[in-house]
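Here is what each chain is made of, one letter per residue.
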Amino acid sequence: MGIRLTEATKAWVLIGEKAGCTPFSDALEQKKITLPELSPESCLVETLYGSWEGNMDHALRADPVNICVQRKEPEVVLGNSAVVRVLAPGENSGLAEGDCCLIYGAAETDEYGYMTLALAYDAPATSGVLAKRLVIPAANLIPLPKTTRHDLERWAAFSIRYITAWGNLNVAIKAFRSQMDEHDLPVLNIGAWGGGTSYAEVTLAKLRGHAPFLVTSSGSRLEHLKKIGVTGIDRRRFMGLSFDEDRYDSDPDYHKAYAAREDIFLEAVLEATGGQGFHVIVDNIGTPIFRASLRSLARQGVFATSGWKRGMRTPLFRAIETIQRHIHIHTHYATRNEADESVSFAEENDWLPPMPARVWRWQDIPALADAYAEGDTSWFPVFSAL
Ligand SMILES: NC(=O)c1ccc[n+]([C@@H]2O[C@H](COP(=O)([O-])OP(=O)(O)OC[C@H]3O[C@@H](n4cnc5c(N)ncnc54)[C@H](OP(=O)(O)O)[C@@H]3O)[C@@H](O)[C@H]2O)c1
């Protein structure tokens, strides 16, 4: 029989009818919520540190969908990237009081374990870590190594971006190797457009012995990349690169300005890669840079994505992609096995986000939401629920 929990907890709740209003944080309200019953297969946990994620931003913007409408629920508690501590384990949960766990973000999968609905996002009747305490299925908890040598703040930002990066890069490299093996080309040039998932992918590529490249418009990020052995490509040299197919075809001034920026980007890629181009390009940005991403790829190169931060529609010339034998891969998060493997690998190889310079306080979560929407946070924005 389940344990009846009568206590209430504080949560930042997304109010569905306010999603899409600006500032986006207007859709968040702090409320007391009552926790559901604890089943034998679930755990009562407390949120320690959480990370602000692209999916939370998409939910506040109601872009591409209003998840409250889709879920037929007026209010939703978001948040699927965090470190939580078990307060009360369900008797069949396999976990113990005090265990620190990451969130595994897939609420529903297909029969092969690939995510179809995300916890605390589009999966109905699921709740996330924008609550001080929550009851969560044990299947959504990944125990951290008991003696982890890494800070919990770093693990908090791992759950979504790093697990996604693990799944995406594995598929991308396997796809490349389906045409060109290690004898053809032992070291691959793996390029990516800035962002947390991309950072995770290029640092993983480096640990696997490949040559990593990351595009960013930030001077301090370029300095950091230099220190960790990732070649930075300075986006400020071609700032404003943004493809619009209609304008490209109809507006000669736009056409000329776009082409000039794209040429600067492509020259920078050729210069950085010794004339080879990228063997894999990770593009989670979408519409504005898709054309440039494809043009930066070497023959037999792999276009890899798991996101669409700035647009989902990406037209391409099938003939060019065919002749160049480009492979396009699209992945969404990862299976539970991949998630477990990624955590073991991270513990052993120190493959985690950098320690955040700032940890946002619980009461500042709406400010964090707006700062993220404006692009004014680090790539790994972490908040504390303590
Ligand atoms: N499917 C999944 O399971 C999954 C998992 C994780 C993320 N995602 C999605 O992937 C996307 C990226 O998320 P993220 O957290 O990895 O990235 P992020 O940290 O949100 O990326 C932000 C960075 O992208 C760069 N950027 C923004 N607009 C750009 C533009 N127009 N051109 C070039 N660069 C631009 C900027 O880097 P600089 O300022 O340094 O230039 C910016 O700081 C989101 O849509 C997210 O929802 C999906």
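Reading guide: rules and limits
Residues numbered from 1 in each chain as written. Predicted model: local features only at pLDDT ≥ 70, side-chain atom pairs only at ≥ 80, totals over all residues. Heavy atoms only, no water. Helix = DSSP H or I, 4+ residues; strand = E, 2+ residues; numbered from the N terminus. Rg over C-alpha atoms; globule rule 2.2 N^0.38 Å. Buried < 20%, exposed > 50% of the residue type's maximum accessible area, 1.4 Å probe, protein only. Contact = heavy atoms within 4.5 Å. Areas by Shrake-Rupley, 256 points an atom, 1.4 Å probe, with all protein chains shown as cover. Domains from an automatic or database assignment. Buried area = accessible area lost by both parts, 1.4 Å probe. Salt bridge = Lys/Arg side-chain N within 4 Å of Asp/Glu carboxyl O. Polar contact = N/O pair within 3.5 Å; in protein donor to acceptor, adjacent residues only side chain to side chain. Nonpolar A, V, L, I, M, F, W, Y, C, P; charged D, E, K, R; others polar. Phe/Tyr/Trp six-rings, centres within 6.5 Å; stacked < 30°, edge-to-face > 60°. Lys NZ or Arg CZ within 6 Å of the ring centre and 35° of its normal. Core = buried A, V, L, I, M, F, W, Y, C linked by side-chain atoms within 4.5 Å. Near = heavy atom within 4 Å. Pairing = 2+ DSSP bridges.

Chemist: Help me understand the overall build of the chain in this model?
Modeler: Scanning the chain from terminus to terminus reveals 12 helices and 18 strands. Taken over C-alpha atoms, the radius of gyration comes to 21 Å for the chain, in line with the 21 Å a tight globule of 386 residues would show. Structurally, the chain occupies a C-alpha span of about 65 × 45 × 40 Å along its principal axes. The 386 residues of the chain split such that 55% are buried. In the chain, of all internal contacts separated by at least 6 residues, the share reaching a separation of at least 24 is 70%. Of the roughly 17,500 Å² that the chain leaves accessible, carbon and sulfur atoms contribute 51%.

Chemist: Is there a simple way to think about the domain arrangement of the chain in this case?
Modeler: Many authors give the size of an interface as the accessible area that is lost as the parts come together. Structurally, the chain comprises domain 1 (8-157 + 353-384) and domain 2 (161-330). Placing the centre of domain 1 and that of domain 2 at their C-alpha centroids yields a distance of 30 Å. Contacts between the two partners involve 16 residues from domain 1, matched on the other side by 14 residues from domain 2. It is P64, W379 and F380 that lose the most area in domain 1 upon contact with domain 2, and together they represent 49% of the buried surface on that side. Remark: the boundary between domain 1 and domain 2 carries one salt bridge. The shortest N-O distance in the salt bridge between R161 and E53 comes to 3.1 Å. Here domain 1 and domain 2 share five residue pairs in polar contact (both at pLDDT 80 or more) between them. Its residues assigned to classes, the side of domain 1 that touches domain 2 comprises 10 nonpolar, five polar and one charged.

Chemist: Help me out: how do you make sense of the packing of aromatic side chains in this one?
Modeler: Aromatic ring pairs: the centre-centre distance and the angle between the two ring planes describe each pair. Following the criterion strictly, the structure yields 21 aromatic pairs and no others. For the ring pair F290 and F303, a centre distance of 5.1 Å and an interplane angle of 90° mean the geometry is edge-to-face. One end of the pair, F290, is in helix α9 (residues 290-295); the other, F303, is in strand β15 (residues 297-305), and 13 residues separate them in sequence. Here the aromatic residues W155, F158, Y162, W166, Y199, F345, W351, W379 and F380 are joined through ring pairs into a cluster of three or more. The side chain of R208 reaches across the aromatic face of F345, ending 5.7 Å from its centre.

Chemist: In this structure, what is going on with the nonpolar core? I would like to understand it.
Modeler: A general trend in soluble globular proteins is that nonpolar side chains are found buried together. Counting residues in each nonpolar core, the largest one holds 99 residues, and the members touching the most others are W52, L130, F158 and W351. Two domains each provide a minimum of three residues to this core, namely domain 1 (8-157 + 353-384) and domain 2 (161-330). Apart from residues lying up to four places away in sequence, W351 is in contact with F158, Y162, A165, W166, A200, T203, L204, L207, S342, F345 and A346. One finds Y248, A268, I289 and L294 within the second-largest nonpolar core, a separate group that totals 24 residues.

Chemist: How should I be thinking about the site of the ligand in this particular structure?
Modeler: Taken together, 27 residues sit near the ligand, with R161, T197, T216, S217 and Y372 positioned nearest. For the ligand, a nitrogen atom lies 2.9 Å from a polar atom in the side chain of H332. Within the backbone of Y333, a nitrogen or oxygen atom sits 2.9 Å from an oxygen atom of the ligand. Calculation on the ligand without its partners gives an accessible area of 930 Å², and the protein chains cover 88% of this total. Listing elements by their share of the shell around the ligand, those giving two or more residues are α1 (54-61), α4 (161-177) and α5 (196-207).

Chemist: Is there a simple way to think about the sheet that holds strand β2 (residues 28-34) in this case?
Modeler: The strands making up a sheet are joined through hydrogen bonds of the backbone, oriented either antiparallel or parallel. Strands sit in the order β2-β1-β4 across an open sheet of three strands; the sheet is antiparallel. The sheet is open, and its two borders are formed by β2 and β4 (75-76), each paired with just one other strand. Relative to β4, strand β1 (residues 8-15) runs antiparallel, the two being bridged by two bridges. Its bridge partner being in β4, I15 is matched across the sheet by E75.

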